[in-house]
Amino acid sequence: MKPELEKILMKVQKPGRYTGGEWNSVVKDKHAVDVRVAFCFPDTYEVGMSHLGMKILYSLFNEKDYIWCERVFAPWVDMEEQMRRNGMELFGLESGDSIHDFDILGFTLQYELSYSNVLNMLDLAHIPLRSADRKGLSPLVVAGGPCTCNPEPLADFVDLFFLGEGEEVDLEVIDLYRAYKKEGRSKEEFLRAAAQIEGVYVPSLYTVTYNEDHTIAAVTPEPGVPATVKKRLMLDMDRSYFPEKFVVPYIEIVHDRTVGEVFRGCIRGCRFCQAGFIYRPVREKSVEVVDRQCHALCDSTGYNEISLSSLSTSDYTKIDELLDQLLSWARDEKTSVSLPSLRVDGFSNELMTKIKSVRKSGLTFAPEAGTQRLRDVINKNVQEDELMKTVNMAFSGGWNTIKLYFMIGLPTETMDDVAGIAELGQKVVNAFYSNPNKPKGRGVSVTLSASSFVPKPFTPFQWEPQDPIPLLHEKQRHLVQSVKTRKITCNYHDADTSFLEAVFARGDRRLCAVLEEAHRMGCKFDGWNDYFSLPRWMEAFEACGVDPAFYANRRRSFDEVLPWDHLDYGIRKEFLIRECQRAYADTTTPNCREACSACGAACFKGGICYEDR
Amino acid sequence: MRTVRIWFRKIGTTRFISHLDLTRCMSRAIHRAKIPLWYTQGFNPRALLTFALPLSLGVAGERESVDIKLEDDNLSNEELLERLNAAMPDDLPVFAVTDPVMKPGKIAYGSFVMTVDPEGRDAEALAQQLTELFHRDSLVVPKHTKSGFIDFDIRPYLDRVEVCPVEGKVEIRAMLPAGSEMNVNPSLLLEAVQKELGLDLYTQIRRTNLYDEQFHAFQ
């Protein structure tokens, strides 16, 4: 460790975030590699280290002898203060070297509220924020992750975006960079060549023009540049790269365990859920492959807990078989298996006994809406009697703590729908007391957690207005007032942050100036309640003459040009329009396993679209 | 079931991890080394790890130990050493595995080496200044206890403290009460330096060994 760093570390909280040197971290000779990559996660160490995508790409890059990929996280404010005071630039955890001189800085964009941290991290590395101000080939600033499905609010800062899954396209771009660096070519030449790679979007090669009403008139590519950019994805998940090692942190992180990825995509098509559309089609791994990967990871990390990850793990076609296979060795190795995302209708007695067999954790389900009508609007396809059956099964199995997730502010929602959330909670409480097999001598505890709906690109609700903040507050109050028992705990997310999230989720390039101004005013860690300040953001909007309500609270017409229309995630706009119309007719749509609804994802020529139903 | 004592060093990056994190880190290393731990027989089976004496965050340790209970006693201590070392992070090396001799409860003293960076000052002069400070009749510093800060005179515990200049830096070598009965944290000496001399100097602290009441090294 560098002495300057050691001195600072005694003055900050949780210094273990900044030391590097963890088990399985990769240290190489910097003179023996051609490309130095900083994988930047714009949030704290604990959050970023929990992210599976980073673990996959970190190992993938470092398996190439000519690449050295290091991890970089946003330093917490106390560390930032020390770094700025001591003139220390943002550094890679593996080498301790400033990332200012790295070849490629790759940011992963997992949520809109981390954008201010992206700028702050560039600033901490003394790198010009705007792409146009970075003249040389390096450092090249790139970004990937789910938010790149609408990367426009970052278009002025990032040189190129990766659309979709990165396992192949990231390496193609790194290889191209390596060749161009050797030949001493310019950044312009490189970006033009990179734009020809499928899944690569170079925003500076597209010009956006606007109408008088501030909507977009057209997005025009420069000559020779593809008019639309299509996302990349891994079709054969069994053969897709997956690491055998995770870096094992010294300090406790949010998800501190082995992660087994069982499939990508989701069959469900809940209409509010962006992940349910942008990761299509569903592609499963086989039981053998998941089992082998989990076992190898437990061996190399020493973790004694496995989490089976996907958008909806109980939808895995061979979930029982997989659990049996895992438990055949996990029990002896004192290792537990948990399923983080269970559906109300995917919870069986058999499943329950298996996840209980090693350690018992709380149960969480997401009905998302309080009434059947609204659940049909959002295509959640969960019936009330299914929820009652499931909670009764859990109560009989010894559980007495249930957490239920909901959203408020969904399209077509009325105050009755909001009250329905409390009523549903009450029914769960009643079910406990009328269950003859309930745990003896203990009461029931039901938590109702309500977040605010944020309309997202590539969903059937991408044209919807978000409820204004005062209305969200009114609905939150109504929910709390509708709860009549102390057995129910009610909590809700801050509406202010959901508003900002809504602005940036469907924002365009005019937000770049706002983001830069907000950064200048000190906005950072917007996802953290201790740091987020809506008044400061409103000042930034005002200073730039941009009305945030235009992005968050305005209903778009189906024929408006959307900021992300030139990006192709395989999902056809006609399908999304059809789904939006079905939502307003309270009509559900069958899931991908029941019937194909012709969303367009079959264009990728694989996955569930080509399986027998 | 048998108990073995694992001897390790906590140096470099690992001196910045808390005792709780060290416990987790050690459990995982043991799991990776495939050492058959003995688990408690209760409702939530768990392995028992007993550290001789926890270190404060930021303090390095040259001769730290943790006791573990093994299910299978066919493993020799040499084999345990080899397997563990292959599974430990670089900054947490294991240098011996032994059968425990003393009980951790017998620990009464710890020896510390504190390397002070004079930050441009003359090391000889600074060493002299510190020696004089530690020889005053009393040296009261604020000490953090369960019931808040109290005024605490550390002077009675400083009879085994030496200060000397070493290669442009100043080393404070101190034998201080350590253990369950009485404990004087070496950072209190730095506290005194700051309070009395107004110097806030960057100092690396290492605990080099542990001793019982009679100053026999902990075995």
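The residue numbers shown here count from 1 along each chain, following its written sequence. To read the labels, note that chains go from A and ligands from 1, taken in the order they are written. Given that the model is predicted, a residue must reach a pLDDT of at least 70 before its local features are reported, and side-chain atom pairs must reach 80 or more before they are shown or counted; all residues, however, enter totals for whole chains, interfaces and linings.

### Here's the deal with the overall build of chain A
- Going along the chain from the N terminus, every DSSP run of H or I of four or more residues is numbered as a helix, and every run of E of two or more is numbered as a strand. The number of helices and strands found in chain A is 20 helices and 19 strands.
- The buried share among the 613 residues of chain A stands at 51%. Labels follow a simple rule on C-beta atoms placed from the backbone: if 20 or more others lie within 10 Å of a residue's own, it is buried; if 12 or fewer, it is exposed; otherwise it is partly exposed.

### Brief notes about the overall build of chain B
- Across its full length, chain B carries 4 helices and 10 strands.
- Reading the secondary structure of chain B in the N-to-C direction produces β-α-β-β-α-β-β-α-β-β-β-β-α-β.
- Taking all 219 residues of chain B together, the buried fraction comes to 33%.
- Remark: residues whose backbone-derived C-beta atoms lie within 7 Å of one another are considered to be in contact. Contacts spanning at least 24 positions in sequence make up 74% of the contacts within chain B whose residues lie at least 6 apart.

### Things to note about the packing of helix α15 (residues 469-482) of chain A against helix α16 (residues 495-505) of chain A
Residue and element names in this part refer to chain A.
- Between α15 and α16, the least distance of the axes is 10 Å, while the angle of their chain directions is 140°. Taken together, the axes of α15 and α16 are oblique relative to one another. The two elements α15 and α16 meet at a crossing, and its hand is right-handed. Seen from α15, the contacting residues are Ile 469, Leu 472 and His 473; seen from α16, they are Ala 495, Asp 496 and Phe 499.
- For the contact of α15 with α16, the class distribution of residues is 4 nonpolar, 1 polar and 1 charged. Convention adopted: a line fitted to C-alpha atoms gives each axis, helices being fitted over their contacting stretch, and angles between N-to-C directions are expressed from 0 to 180 degrees. Here is the rule for angles: anything less than 35 degrees is roughly parallel, anything more than 145 is roughly antiparallel, 65 through 115 is roughly perpendicular, and the remaining ranges are oblique. Rotating anticlockwise by less than a right angle from the far helix to the near helix defines a left-handed crossing, while the corresponding clockwise rotation defines a right-handed one. Here the nonpolar group is Ala, Val, Leu, Ile, Met, Phe, Trp, Tyr, Cys and Pro; Asp, Glu, Lys and Arg are the charged ones; every other residue, Gly included, is treated as polar.

### Quick look at the environment of Asp 559 of chain A
- Its location among the elements puts Asp 559 of chain A in the loop between α19 (548-552) and β19 (567-568).
- Placed 132 residues apart in sequence, Asp 559 of chain A and Lys 427 of chain A show a C-alpha to C-alpha distance of 43 Å.

### A few points about the interface of chain B and chain A
- Contacts between the two partners involve 19 residues from chain B, matched on the other side by 20 residues from chain A.
- For the side of chain B that touches chain A, the class distribution of residues is 8 nonpolar, 5 polar and 6 charged.

### A word on the sheet that holds strand β6 (residues 200-201) of chain A
Residues and elements named next belong to chain A.
- Strand order in the open sheet made by the 6 strands is β2-β1-β3-β4-β5-β6, with mixed pairing throughout. Edge strands, defined here as strands with exactly one partner in the open sheet, are β2 (67-73) and β6.
- Where strand β4 (residues 140-144) meets strand β5 (residues 160-162), 2 bridges bridge the pair, whose relative direction is parallel. In the sheet register, Val 142 faces β5, and the bridge partner there is Leu 160.
- This element, helix α3 (residues 52-62), spans β1 (35-41), β2 and β3 (104-108) of the sheet and lies at about 155° to β2. Pairing between strands requires that DSSP locate at least two bridges from one strand to the other.

### Points about the domain arrangement of chain B
Residue and element names in this part refer to chain B.
- Here the domain parsing of chain B yields domain 1 (2-100) and domain 2 (106-212).
- Just the C-alpha atoms count here: the centres of domain 1 and domain 2 sit 29 Å apart.
- Taken together, the contact pairs 9 residues of domain 1 with 11 residues of domain 2.
- Class assignment of the residues belonging to the side of domain 1 that touches domain 2 gives a composition of 5 nonpolar, 2 polar and 2 charged. Marked domain ranges trace back to an automatic or database domain assignment.

### Focus: the environment of Arg 271 of chain A
All names here are of chain A.
- In this structure, Arg 271 sits in the loop between β11 (263-264) and α8 (275-278).
- What makes Arg 271 buried here is the crowd of 25 C-beta atoms within 10 Å.
- On a C-alpha basis, the gap between Arg 271 and Gly 522 in space is 35 Å, while along the polypeptide they are 251 residues apart.
- With residues near it in sequence (within four places) discarded, Arg 271 still touches Ile 378, Asn 379, Thr 459, Pro 460, Phe 461, Glu 579 and Ala 583.

### Let's talk about the domain arrangement of chain A
- We note that the domain assignment places domain 1 (3-230) and domain 2 (362-493) within chain A.
- Placing the centre of domain 1 of chain A and that of domain 2 of chain A at their C-alpha centroids yields a distance of 39 Å.

### Focus: the packing of helix α5 (residues 115-124) of chain A against helix α17 (residues 511-520) of chain A
Residues and elements named next belong to chain A.
- At a minimum axis separation of 9 Å, α5 and α17 run at an interaxial angle of 65°. Between α5 and α17 the crossing geometry is right-handed. On α17, the residues that touch Tyr 115, Ser 116, Leu 119 and Asn 120 of α5 are Leu 515, Glu 516, Ala 518 and His 519.
- Among the residues making up the contact of α5 with α17, the classes are represented as 4 nonpolar, 3 polar and 1 charged.

### Description of the nonpolar core
- Structurally, a nonpolar core is described as a collection of buried Ala, Val, Leu, Ile, Met, Phe, Trp, Tyr and Cys residues joined by way of C-beta atoms within 7 Å. Ranked by size, the top nonpolar core spans 195 residues in total, and within it Val 37, Phe 39, Ile 104, Val 158, Leu 160 and Val 200 of chain A carry the most contacts.
- Counting residues per element, this core draws most heavily on helix α14 (residues 415-433) of chain A, at 8 residues.
- If we ignore the near neighbours within four places in the chain, the residues touching Leu 160 of chain A are Val 142, Leu 191, Ala 194, Val 200, Tyr 201 and Val 202 of chain A.
- Counting 32 residues, the second largest nonpolar core, distinct from the first, contains Ala 52, Leu 130, Tyr 157 and Val 163 of chain B.

### Things to note about the confidence of the model for chain B
- A residue's pLDDT is the confidence the predictor assigns to it, expressed on a 0 to 100 scale. Put simply, chain B has an average pLDDT of 93, and 100% of its residues get 70 or more.
- Strand β4 (residues 94-98) of chain B holds the highest mean pLDDT among the elements of chain B, 97, whereas strand β6 (residues 140-145) of chain B holds the lowest, 89.

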